[in-house]
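This is what each chain is made of:
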Amino acid sequence: MKVNYHTHSHYCDGKGELAEYVETAIAKGFTHLGFSGHAPVPFENTFAIKHEDYKAYCDEVRRLKEQYRDRIKIYLGLEIDYIPNILDDFGPLIAEGGLEYSIGSVHLVNRNGGSDLWFIDGSKQETYDEGLNNVFGGDICAGVKAFFNQTCRMIETQRPTIVGHFDKIVMHNKGRYFSPDDPWFHALAMETIDLIRQTGCICEINTRGLYKGRYNDFYPSSKLIKEMNEMDIPVVVSTDAHRPDDLDLFEGAYEYLAEIGYRNVVRELKVEN
Ligand SMILES: [Zn+2]
Ligand SMILES: [Zn+2]
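Residues numbered from 1 in each chain as written. Chains lettered and ligands numbered in written order. Predicted model: local features only at pLDDT ≥ 70, side-chain atom pairs only at ≥ 80, totals over all residues. Heavy atoms only, no water.

Here we take up the overall build of the chain. The number of helices and strands found in the chain is nine helices and nine strands. Against the 2.2 N^0.38 benchmark of 19 Å for 273 residues, the chain shows a C-alpha radius of gyration of 18 Å, consistent with a compact globule. Its C-alpha atoms give the chain principal-axis dimensions of about 50 × 45 × 35 Å. Long-range contacts, defined here as pairs at least 24 residues apart, represent 74% of the contacts in the chain between residues at least 6 apart. For the chain, the accessible surface area stands at approximately 11,500 Å², while carbon and sulfur atoms represent 46% of it. For the chain, the distance from the average position of its 29 positive side-chain charges to the average position of its 43 negative side-chain charges is 3 Å. (Helix = DSSP H or I, 4+ residues; strand = E, 2+ residues; numbered from the N terminus. Rg over C-alpha atoms; globule rule 2.2 N^0.38 Å. Contact = heavy atoms within 4.5 Å. Areas by Shrake-Rupley, 256 points an atom, 1.4 Å probe, with all protein chains shown as cover. Lys, Arg positive; Asp, Glu negative; His and termini not counted. Charge placed at Lys NZ, Arg CZ, Asp CG, Glu CD.)

The following block contains the structure:
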């Protein structure tokens, strides 16, 4: 079974029509494909689905689901940002779109619920450094703690179907400010994993850093995946595709999971709707 539930498109910051992703997935032998465009956010930006396009996105996914139902199972979802005081209730978006699943992710970190945001993702290291300076006065421990706290509050209060790339804060660090092996960092990651265990969310293993050459490991890292296996956390492998050709860039994730004897690998997503 070949599956991917983390897929963007031209509706947000990806390239290509939804139908191109479906056709590519079928050609590559996929059985399940989930669309998870970046959810609309209440401020100006260049990465998310625009609120006025949200209905069209949902309608088109539903139309494709119907059209291709004998060839592939398609799911309607969103990757939703959790930002305290700014976007901290997934309910209205899920209801409005009639979503079948959500990926909860943190890309933008604020301090004490303030309006200044630290963008930890994207292609530019300078943006990361600037945000850290502007929002956290350059205090990396405070910034990383806020990132994990935000992730934990999201898991607790929103219970997304899938928790997205929960240690992505390492990406632009590039060994400069801290090591992911530092005890304080490891403790924050473990706290997050324990909360995932308690809530029963699925944790994604995201391969995008590897094939984009931005990071030398999965999100979360191989070391954390071993810890997750000890706690029997369900995981789903996703490529965070931004082009149709990204759909099957699994970067050895399944081989790694087999090698360490990972027990709880999810292929088919159970949805409520
Ligand atoms: Zn993301
Ligand atoms: Zn994504």
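From this point, the discussion proceeds with the structure in view.
Take the coordination of the zinc ion (ligand 1) next. For the zinc ion (ligand 1), the full set of protein donor atoms is Glu-79 (OE), His-107 (NE2) and His-165 (NE2), and the range of their distances to it is 2.1 to 2.2 Å. Metal-to-metal, the separation of the zinc ion (ligand 1) and the zinc ion (ligand 2) is 3.4 Å; Glu-79 coordinates the two. Taken together, the positions of His-107 in the loop between strand S4 (101–105) and strand S5 (108–109) and His-165 in the loop between strand S7 (162–163) and helix H6 (183–199) put the pair 58 residues apart, joining distant regions of the chain. With respect to burial, His-107 and His-165 carry one shared label: buried. (Donors = N, O, S within 2.8 Å, 3.2 Å for Na, K, Ca; no water. Buried < 20%, exposed > 50% of the residue type's maximum accessible area, 1.4 Å probe, protein only.)

Glancing now at the coordination of the zinc ion (ligand 2). Around the zinc ion (ligand 2), the protein contributes the donor atoms His-6 (NE2), His-8 (NE2), Glu-79 (OE) and Asp-240 (OD), which lie 2.1 to 2.3 Å from the metal centre. Between the four donor atoms coordinating the zinc ion (ligand 2), the angles at the centre fall across 80 to 169 degrees, so the site counts as irregular. For the zinc ion (ligand 2), the donor residues sit on a single chain with the sequence spacing H-x1-H-x70-E-x160-D. Of the residues examined, Glu-79 reaches a relative accessible area of 1% and is grouped as buried. (Tetrahedral: all angles 85-135°; square planar, octahedral: opposite > 155°, others 65-115°.)

Moving on: the packing of aromatic side chains. Given two aromatic rings, one states the distance between the centres and the angle between the planes to describe the pair. In the structure shown here, the tally under the stated rule is 19 aromatic pairs. On the numbers, 6.3 Å between centres and 70 degrees between planes, the contact of Tyr-82 with Phe-90 is edge-to-face. For the residue pair Tyr-82 and Phe-90, the accessibility class agrees, reading buried in each case. Aromatic side chains Phe-178 and Phe-185 sit 4.9 Å apart centroid to centroid with 20 degrees between the ring planes, which places their arrangement in the stacked category. Summarising the burial analysis for this pair, Phe-178 and Phe-185 share the class buried. Three or more aromatic residues link up through ring pairs in this structure, and these residues are Phe-147, Phe-148, Phe-178, Trp-184 and Phe-185. Lys-65 extends its terminal NZ or CZ atom over the ring of Tyr-75, reaching a point 5.7 Å from the ring centre. (Phe/Tyr/Trp six-rings, centres within 6.5 Å; stacked < 30°, edge-to-face > 60°. Lys NZ or Arg CZ within 6 Å of the ring centre and 35° of its normal.)

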